[in-house]
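Coordinate inspection notes
In case you want the letters, here they are:
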Amino acid sequence: IMASSYGAKEEDGHHPGSAGLGGAAIRTKKPDNTAFKQQRLPAWQPILTAGTVLPAFFIIGLIFIPIGIGLYVTSNNIKEFELDYTGTDMSSPCFNCSQSWNSTNTCKCELFFSLDQPFESNVFMYYGLSNFYQNHRRYVKSRDDSQLNGDERSLKEPSKECEPYRTNENKPIAPCGAIANSMFNDTLDLFYIDPNGKKRPISLTKKGIAWWTDKHVKFRNPGGSNSNLTTVFKDTAKPVNWHKPVYELDVDIENNGFINEDFIVWMRTAALPTFRKLYRIIQKNNDMTPTLPRGNYSLAVTYNYPVRSFEGRKRMILSTISWMGGKNPFLGIAYITVGSICFFLGVVLLFIHHKYGNRNNSSDIAS
Amino acid sequence: MGSLLSACGINVKKKKVEEERHLRANDREFNLSFKYANNAIKTSKYNVFTFLPLNLFEQFQRLANAYFVFLLILQLIPQISSLSWFTTVVPLLLVLSITLAKDLSDDITRHKNDNHVNNRKVEVLINGELKSEKWMNVQVGDIVKLENNEFVTADLLLLSSSEPLNLIYIETAELDGETNLKVKQALTLTGDLGNDIQKLAAFNGEVRCEPPNNRLDKFTGTLTMRGETFALDNERILLRGCTLRNTEWCFGLVVFGGPDTKLMQNSGKSVFKRTSIDHLMNVLVMFIFGFLAFMCTILSIGNAIWEYQEGNSFITFLPRADGANASLSAFLTFWSYVIILNTVVPISLYVSVEILRLGNSYFIDWDRKMYHVKSDTPAQARTTTLNEELGQIKYIFSDKTGTLTQNIMTFNRCSINGKSYGEVVDFAGQRVEVTEKTEKVDFSWNPLADPKFCFHDHKLVEVVKSGSPEVQAFFRLLALCHTVMPEEKTEGELFYQAQSPDEGALVTAARNFGFVFRSRTPETISLVEMGVPTTYELLAVLDFNNVRKRMSVIVRSPEGKLTLFCKGADTIIYERLHPSSSKLMEVTTEHLNEYAGEGLRTLALAYKDLDEDEFEKWKERHHEASTSLEDREAKLDTIYEEIEKDLLLLGASAVEDKLQDGVPQTIEQLAKADIKIWVLTGDKQETAENIGYSCNMLREEMKEIFIVAANTAEEVREELVNARKKMSPESGDEPPIEKSRLLGKKSQVVEDEKVDGEYGLVINGHSLAFALQKDMQLELLRTACMCQAVICCRVTPLQKAQVVELVKKHKKAVTLAIGDGANDVSMIKTAHIGVGISGQEGMQAVLSSDFSFAQFRYLQRLLLVHGRWSYLRMCKFLRYFFYKNFTFTFVHFWYGFFCGFSAQTVYDEWFITLYNLVYTALPVIGLSIFDQDVNDRWSFQYPQLYAPGQLNQYFSKMAFARILLHSCYSSLVLFFIPWAAMCDTVRDDGKDIADYQSFALLAQTCLLIAVSVQMGLDTYYWTAVNQFFLWGSLSVYFAVTFTMYSNGMYLIFTSSFPFIGTARNSLNQPNVWLTIFLTTILCILPVVAKRFLFIQLKPTINDKVRHKVRQAKAVPPPLPRKFPRRRISTRRSGYAFSHARGYGDLVTSGRFLRIPVKSRPALFPHTDTPVADSTPQTYRTIFEEAQSP
């Protein structure tokens, strides 16, 4: 009976549910049979089985340990010499300079050191600073990239970010901002003292110490082809702390103004409060003699840069490099450690798998 | 919470409260003076001009967007701004524009719908002429003409119709979802207007009526005409949304138009449901805000110390602004860090969550395995925000009729004179399963047979044809003893209207076996017995009621023999049998047991020949009793009792209450998934119990099935407590309550109690009413929740909602209500998730549901597959999302210690902007849309996989804490490994690499690769899309990075892209890559080890099944198991008449017989509001008033 009345409804041509606005839906509403809509997309379903996890652990271990050893050895083969010349110690030759620092007088000091081993190939000379917060937010943003890129308008009207080193005596500061203002300005010179006590200066290359992109793209002198930087920077003031204006950083036109490499290197702010920056390169002259032979050296410092007030330290570093950069044993040790842990974990897991795993996995699921 | 029950919201947007509506027909000027709304409707929210401002205004009212704006304001303060404005503006714009686009498309659809409806044409009487008008131009007071199958234009007062007695037939599907026809009748006075245009144009009746409201079942008003006033009620009103059926034409007077119509007044906003994960998220977001404040405080304290110790002396190189000191700096730093660390607050999470919920909803809509071919109905996710809750269901509340059963009764078996018929056996005498293909009995010898009737046992027909007296008596009884009413539209085309489908099935069976019930008068019943018309005199109907559980008729055959025919519950009949039947009784009992074991509804049939004198005497007393004024019922019962004795048993019938396809399997599956099923039915206890058995809810292997059927509150309590003690002897008197205060809301949560073994509980309506009282609620809850299956009988719609509410309130569990009828609406709205069966009883349940489909069996797919996946995906998504954002953010925290707590970011600002939006957006969405642990077949194979969802295992506060720790570890690795590796290091050409920009690049690359690998580890299901998204995102990262760090970008936007050259200069360094590799390995190594260890030592069900799947890769996936039908030996009475009193009175009074024979469908259902109707209707009742002239 029920069926008969239901049938009558169907004959009515009335579909329950299609009474809505659209009405006549002749097309069937059957959903499409596509893998996507039916959630049957072919898929790879990896699971963590003993067959994949354990070998992975061993393989990682086997890969990591040799890499680690390689890295460690490489790092160890790098020769590095570090000399702190801050002059905090009474005994340090630079003690006086560090105590009586003022911006007008230049103070010079000389430190002697000896290298036990010869430095083969090119040697890189760095200055290192500690406890220097080049990554402080207010410090990092205190620059005007447009100005440094040679934009005339920014030269006249530096960005507000440069405050309070934006203008000086109503003249725009070029380069503006705290970073430029605090540019490292010690001069370091290196002498080799040959066995008969004679000081021979070591030639230091100051070109090629900055990134190519910085030197050629990011930093550009204003005025385009105008090679007379003095006129270009005519209406600007020098940064407050600087002894000389930006266009007198070097006599070489290719290394003057904003494209002075020392300046560029400084402007690439460090990520951490302890950092080193490339200062000079000591090129290897010939294949016969090491770049820096074993022996005594002296470092002549023109002590301009004050770090004592904030307990900073200044270092001079001599280092060779390898394919993985400078000396840093961390990566090597980390790789060895992680590799060993992997291996160890692999063994432990293998043991556990043997002892418990089979039992659990083969057990049927209670239904 | 009771407000949840109010079916509809009310639009309270009225300028002036209308107190009474007053209108005059055909007088537009008069009516316009009241400024009633015309018939145009507007469901759209915006127009071209208001769209942008209004929509933005709405959007900024959301907390997430407001937070964005707050951040933006902070960023505009130069002293605080630690990030550029674009890091906030870009995501904000994206979020705003996505929402904008969605709202725009929604509103365009609404506009289209509005236009479509507003531009429908209808004939309106204007200035004495019928003119075709658009709907929107119809005014209150207009007279409109409707034709067959047209939608009703507005709420109309019916004036006249083409049909006799001014009747019209309407279908209210769009309004309340019921597809059966209803009748309306015009006043005779207006009906006389007919279709005479002149008369209609001259009609100037005035209507005064109630103001617009949303009550569909009520209308009060008056019509004044020529000084006379007539009352108007709902009978005269046609509501907008109905469709005219079977009526040539009718005229109506517009009373309410457009927004005032009851349809529109009813379209209020439905209750907004939120999932438990939403609630958890709100708690977590609060916590995260606190955590953010905590981190910022630590960092600002650090800043104060740094400024005091270092900053003061560092002034030479880094001067402070005027007046700034350490404490001011710390204060500003606090806010700067709020900006930087804002990524811990998952603002973009909300957008992503919506996207993936939407995606998963589409998958439900698209599922072919939830598409019902017969009714062409696909499943539908009507609410797109609840999917993951489908994976957490603990309690299902199901309606019975129409949900579990098809509400179709079929005559299945019978036992006549000790012989059982109806079973199909093969030559060897083995039972054969009846399928579609089984040969059906041919009834073509009987011209009056119902062609839809199926029977498979040929023997019975042969016996009937051979003229066996017992068999003929059996069917004669079935043809005579009932209250069915016949309808014969054309010769030989019989329709029966039965109050209960059981009766209909039995009478139809008799009809097919040659005893055709053809017509009845108050005094006679006409049959066609094996082709011979026979008329019996109907002397008395001893009607059915709940206590009697039987019904008898006394008839006089044409030969003058007086016979009492009786059918009823076997136990009742057995008590009244003549001793001579005892032998037959035994055999029949066996058969009855067998039938009951198959879940059939059985009846015992008996008769008795009566003595003329004895009957005369009895009749006198019967007359006396039936006319007595007091205690008539009781007296009648006694009188009946007197004559219904010494009966002779004829046999028994068995009717199958056809379950919907796959119901027992579905219930078994759901039970395995540890979902508790409560059936809330309007049926009586026996019926419900029977269905409980046949659909596998109640099982023989259950330890005990408690039946609570008491009459007083105390007894009910006692029975409940006894049941509980039996299940768990150690359970205390006080319910184990876990009191928790969540966001100021006090809640009483009753914990689950341990029970061993499975139990069932059946509670009848009377007891339930007591048990639902305040002081007994918890008792009911405790007992019921210990049982595997609960059946509540004779439940009213309101009680259904109360039961759901009870569990929802006191159990920490997700509830789902499923039903198909209007009486289920309340529980569907109350439960966490409402599912509507779009079936036979109309659309009301579907309209208020969150998910709908055509068959109950789809529920297992919805829960075990879609629900489980949705939950899995949502949780994975949340876990991963939190992980990636926390890791991202915590690195900043560690960096704070190395940059003087100055709120310097670790990463490039562009990376911060794009990290969530571009670099990780698609992979995580791919993960959360495609991921599946095992496919659908395995999900069915192991329903236990569903359990983690119920226990909230995948995402909880604990899981959140673990994520926090994991992120903490990862961020430590991600910061300190690069830190140590880059410390005092240089490039392979001696130049800088430890600079800020290179470090930022290294840190962000490490982070991105580490979280991508983590994502790979979390992904179970690697489709091509996932691969594409993951590798695509990584390549996009490198592409974007190289682009942004390129010369061109720098030269064009110098100040925005200061990282020029960084990528080129540092990504060509071997130690950079070695560092990236190391951090990635270190980030995932512990995770892999931990997961592997857990799989080995404490594998979850998920791990086990996945392991099995892996093992079974070669073997084809399992087929769905076959469920053998269980044969149960326990005897259960299945007397199954409708629960209400029969309408024997009606039969004998003859009122219904005065209907003029018409060729109209005469199935008029009750027009009471469905929700208010307290007795659920299992079958249509006859609506006699509608037919009386």
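Everything quoted here is computed from the prediction, not taken from an experiment.

Criteria and cut-off values
Every chain begins its residue count from 1, and numbering advances along the sequence as written. Written order determines the labels here, with chains lettered from A and ligands numbered from 1. Per-residue local features are limited, in this predicted model, to residues with pLDDT of at least 70; the limit for side-chain atom pairs, both in listing and counting, is 80 or more; totals at the level of whole chains, interfaces and linings are taken over all residues. Heavy atoms from the whole structure form the basis of all side-chain values; hydrogens and water molecules are not counted. A run of DSSP states H or I qualifies as a helix once it reaches four residues; a run of E qualifies as a strand once it reaches two. Both are numbered from the N-terminal end. All accessible areas in this document rest on Shrake-Rupley with a 1.4 Å probe, and a residue is counted as covered only by the protein chains that are shown. The buried label applies to any residue whose accessible area, calculated with a 1.4 Å probe on protein chains only, is under 20% of its type's maximum; exposed applies above 50%, and partly exposed to all values in between. The rule for a salt bridge is simple: a side-chain nitrogen of Lys or Arg has to be within 4 Å of a carboxyl oxygen of Asp or Glu. Note on pairing: two strands pair once DSSP finds at least 2 bridges between them. Fitted lines through C-alpha atoms give the axes, limited to the stretch in contact for helices. The angle between two N-to-C directions lies from 0 to 180 degrees. Working definition: roughly parallel below 35 degrees, roughly antiparallel above 145 degrees, roughly perpendicular at 65 to 115 degrees, and oblique for all remaining angles. For any helix crossing, the convention is left-handed if the near helix is rotated counterclockwise from the far helix by under a right angle, and right-handed if that rotation is clockwise. Working rule for contacts: check all heavy atoms of both residues, and any pair within 4.5 Å makes them a contact. Basically, the charged four are Asp, Glu, Lys and Arg, the nonpolar ten are Ala, Val, Leu, Ile, Met, Phe, Trp, Tyr, Cys and Pro, and anything else, Gly included, counts as polar. UniProt positions are given in the numbering used here, feature names are shortened, and annotations may be inferred rather than shown by experiment. Polar contact is defined as a pair of N or O atoms within 3.5 Å, subject to the rule that within protein one atom must be able to donate a hydrogen and the other to accept it, and that residues adjacent in sequence are counted only when both atoms are side-chain atoms. For a helix, the expected span equals 1.5 Å multiplied by the number of residues minus one. By nonpolar core we mean a set of buried residues, namely Ala, Val, Leu, Ile, Met, Phe, Trp, Tyr and Cys, connected to one another through side-chain atoms within 4.5 Å. Throughout, disulfides are identified as pairs of cysteine sulfur atoms within 2.5 Å of each other. The method works on a 1 Å grid over the protein atoms by themselves. A cavity is a set of points holding a 1.4 Å probe that cannot get out, a pocket is an open set with protein on both sides within 12 Å along at least five of seven lines, and residues with an atom within 4 Å of a point line them. Grid points are joined across faces, edges and corners, and a volume is the space filled by probe spheres set on the points. By convention, the term buried area covers the 1.4 Å-probe accessible surface removed from two parts as they join, with the contributions of both added. Pairing of aromatic rings covers Phe, Tyr and Trp, the last counted by its six-membered ring, and requires centre-to-centre distances within 6.5 Å; plane angles under 30 degrees mean stacked, over 60 mean edge-to-face, and any other angle means tilted. By definition, being over a ring means that NZ of Lys or CZ of Arg is both within 6 Å of the ring centre and within 35 degrees of the ring normal.

1. What to know about the overall build of chain B
- When you go through chain B residue by residue, the secondary structure sums to 40 helices and 36 strands.
- In the structure as shown, chain B presents an accessible area of about 47300 Å², 57% of it carried by carbon and sulfur atoms.

2. Topic: the overall build of chain A
- Counting its secondary structure elements, chain A contains 11 helices and 11 strands.
- Across the 367 residues that make up chain A, the buried fraction comes to 51%.
- Accessible surface for chain A amounts to roughly 17200 Å². Of this, 54% is attributable to carbon and sulfur atoms.

3. Structural notes on the pattern of salt bridges
- Summed over the entire model, instances satisfying the criterion amount to 64 salt bridges over all chains.
- B:Asp278 serves as the salt-bridge partner of B:Arg357, at 3.1 Å between the closest nitrogen and oxygen. In this pair, B:Arg357 sits in helix 11 (residues 347-366) while B:Asp278 sits in helix 9 (residues 276-311), placing the two residues 79 residues apart along the sequence.
- Salt bridges linked by common partners bring A:Glu80, A:Glu82, A:Arg276, A:Arg315 and B:Asp984 together as one network.

4. As for the sheet that holds strand 3 (residues 107-115) of chain A
Residue and element names in this part refer to chain A.
- An order of 3-10-7-8 is seen for the four strands of this open sheet, with the pairing classed as antiparallel. Here the strands that pair on one side only, and so sit at the sheet edges, are strand 3 and strand 8 (199-201). Across the sheet, the mean angle from the axis of one strand to that of its neighbour is 30°, orientation sign disregarded.
- In this structure, strand 7 (residues 187-193) lies alongside strand 10 (residues 295-303), joined through seven bridges in antiparallel fashion. In the strand pairing of strand 10, Leu190 is matched with Leu299.

5. Section: the pairing of strand 2 (residues 121-126) of chain B
Residue and element names in this part refer to chain B.
- Relative to strand 3 (residues 129-134), strand 2 is paired through six bridges, and the arrangement is antiparallel. The partner of Lys121 across the bridge, within strand 3, is Lys134.
- Taken together, strand 2 and the strand that follows it, strand 3, pair antiparallel across an intervening segment of two residues, in which Asn127 is found at a positive phi of about 50°.
- The sheet contact formed by strand 2 and strand 4 (residues 143-147) spans three bridges and is antiparallel. The residue bridging Leu125 from the neighbouring strand is Ile143, located in strand 4.

6. Concerning unusual backbone geometry
- Note the cis peptide between A:Glu163 and A:Pro164, where omega equals 0°.
- Considering the arrangement of structural elements, one finds A:Pro164 in the loop between helix 6 (152-156) and strand 5 (167-168).
- Note that the residue after A:Ala174, namely A:Pro175, is joined by a cis bond; omega there is -10°.
- Note that A:Pro175 resides in the loop between strand 6 (171-172) and helix 7 (178-181).
- Within the chain, B:Asn149 stands out as a residue other than glycine whose phi angle is a positive 65°.

7. Side note on the packing of helix 28 (residues 909-919) of chain B against helix 33 (residues 996-1018) of chain B
All names here are of chain B.
- It is the contact of helix 28 with helix 33, at a shortest axis distance of 12 Å, that shows an interaxial angle of 15°. Relative to helix 33, the element helix 28 is oriented roughly parallel. For the element pair helix 28 and helix 33, the recorded crossing hand is right-handed. When helix 28 is examined against helix 33, the residues Phe911, Tyr915 and Tyr919 are found in contact with a partner set consisting of Gln1004, Leu1007, Leu1008 and Val1011.
- Looking at side-chain class alone, the contact of helix 28 with helix 33 contains six nonpolar, one polar and no charged residues.

8. Examining the UniProt feature "binding site: Mg(2+)" (unreviewed entry) in chain B
Residue and element names in this part refer to chain B.
- Listed under "binding site: Mg(2+)" (unreviewed entry) in the UniProt record, and renumbered for this structure, are Asp399, Thr401, Asp820 and Asp824. These residues run over 426 residues, yet every pair of their C-alpha atoms falls within 10.6 Å of each other.
- On the secondary structure map, Thr401 appears in the loop between strand 15 (393-398) and strand 16 (405-416).
- Side-chain polar atoms of Asp820 contact the side chain of Thr403, separated by 3.5 Å.

9. With respect to helix 24 (residues 797-810) of chain B
- Compared with an ideal rise of 1.5 Å per residue, which puts 14 residues at 20 Å, helix 24 of chain B spans 20 Å between its outermost C-alpha atoms and is within 8% of the ideal.
- Of all 14 residues making up helix 24 of chain B, 10 are buried, and the element is well covered by its neighbours.

10. Details of the nonpolar core
- One finds A:Trp266 and A:Leu318 to be the most contacted residues of the largest nonpolar core, which totals 203 residues.
- In terms of residue count, helix 27 (residues 858-896) of chain B provides more of this core than any other element does, 17 residues in total.
- Counting residues in each nonpolar core, the second largest holds 51 residues, with B:Phe453, B:Cys481, B:Leu506 and B:Val655 among its members.

11. Some details on the state of the cysteines
Residue and element names in this part refer to chain A.
- The full count for this structure, using the stated rule, is three disulfides over all chains.
- There is a disulfide in this structure between Cys97 and Cys107, and the S-S distance comes to 1.7 Å. Across the S-S bond linking Cys97 and Cys107, the dihedral sits near -80°, which makes this disulfide left-handed. With a gap of 10 residues between them, Cys97 in helix 3 (residues 95-99) and Cys107 in strand 3 connect regions that are remote in the sequence.

12. Here we look at empty space enclosed by the protein
Residue and element names in this part refer to chain B.
- In the structure shown here, the tally under the stated rule is 19 cavities of 30 Å³ or more.
- Size it by volume and the second largest cavity reaches roughly 220 Å³.
- Along the walls of the second largest cavity sit 16 residues, with Phe68, Pro91, Asn342, Thr343 and Asn916 positioned nearest its centre.
- For the lining of the second largest cavity, the secondary structure elements donating two or more residues are helix 3 (63-76), helix 4 (86-118), helix 11 and helix 28.

13. Remarks on the interface of chain A and chain B
- Every contact between the two is made by 115 residues of chain A and, on the other side, 127 residues of chain B.
- The junction of chain A with chain B conceals about 10900 Å² of combined surface from both sides, 62% of it contributed by carbon and sulfur atoms.
- Here chain A is connected to chain B by five salt bridges.
- Run the count over chain A and chain B and you get 41 residue pairs in polar contact (both at pLDDT 80 or more).
- It is helix 11 (residues 329-362) of chain A that provides the largest number of residues to the side of chain A that touches chain B, a total of 14 residues.
- Of the residues contributing to the side of chain A that touches chain B, the split by class is 63 nonpolar, 32 polar and 20 charged.
- Bridge count between strand 1 (residues 43-44) of chain A and strand 36 (residues 1022-1023) of chain B: two bridges; the pairing is antiparallel. Residue pairing across strands places A:Trp44 opposite B:Trp1022, the latter belonging to strand 36 of chain B.

14. Quick word on the sheet that holds strand 11 (residues 313-319) of chain A
Residue and element names in this part refer to chain A.
- If you trace the four strands from one edge of the open sheet to the other, you get 2-11-4-9, paired in antiparallel fashion. Each edge of the open sheet is held by one strand with a lone partner, namely strand 2 (80-84) and strand 9 (275-282). Each strand of the sheet is rotated relative to its neighbour by a mean of 20°, with strand direction disregarded.

15. With respect to the UniProt feature "transmembrane region" (unreviewed entry) in chain A
Residues and elements named next belong to chain A.
- Sequence positions flagged by UniProt for "transmembrane region" (unreviewed entry) are, in local numbering, residues 47-73 and 330-352.
- Strand forms 0% of residues 47-73 and helix 89%; the C-alpha atoms that close the span are 38 Å apart.
- Measuring from the first to the last C-alpha atom of residues 330-352 gives 32 Å, for a span that is 100% helix and 0% strand.

16. Description of the UniProt feature "domain: P-type ATPase N-terminal" (unreviewed entry) in chain B
- In the numbering used here, UniProt assigns the feature "domain: P-type ATPase N-terminal" (unreviewed entry) to residues 24-89 of chain B.
- For the annotated span residues 24-89 of chain B, helix accounts for 50% and strand for 2% of the residues, and the straight-line distance between the end C-alpha atoms is 59 Å.

17. Details of the packing of helix 19 (residues 663-672) of chain B against helix 27 of chain B
All names here are of chain B.
- As a packed pair, helix 19 and helix 27 sit with axes 9 Å apart at the nearest point and diverge in direction by 25°. Between helix 19 and helix 27, the angle is such that the two are roughly parallel. Here helix 19 runs over helix 27; the crossing is left-handed. On helix 27, the residues touching Thr666, Gln669 and Leu670 of helix 19 are Leu859, Gln860, Leu863 and Leu864.
- Within the contact of helix 19 with helix 27, the residues separate by chemical class into four nonpolar, three polar and no charged.

18. Examining the packing of aromatic side chains
- Enumeration over the complete set of coordinates arrives at 102 aromatic pairs over all chains.
- Relative to B:Tyr915, the ring of B:Phe888 lies with its centre 4.4 Å away and its plane at 10°, an arrangement referred to as stacked. You can see B:Phe888 sitting in helix 27 and its partner B:Tyr915 sitting in helix 28, a full 27 residues away along the chain.
- In this structure, A:Arg280 packs its charged tip against the face of A:Tyr279, placed 4.2 Å from the ring centre.
- If you follow B:Lys884 out to its NZ or CZ, it ends over the ring of B:Tyr915, 5.2 Å from the centre.

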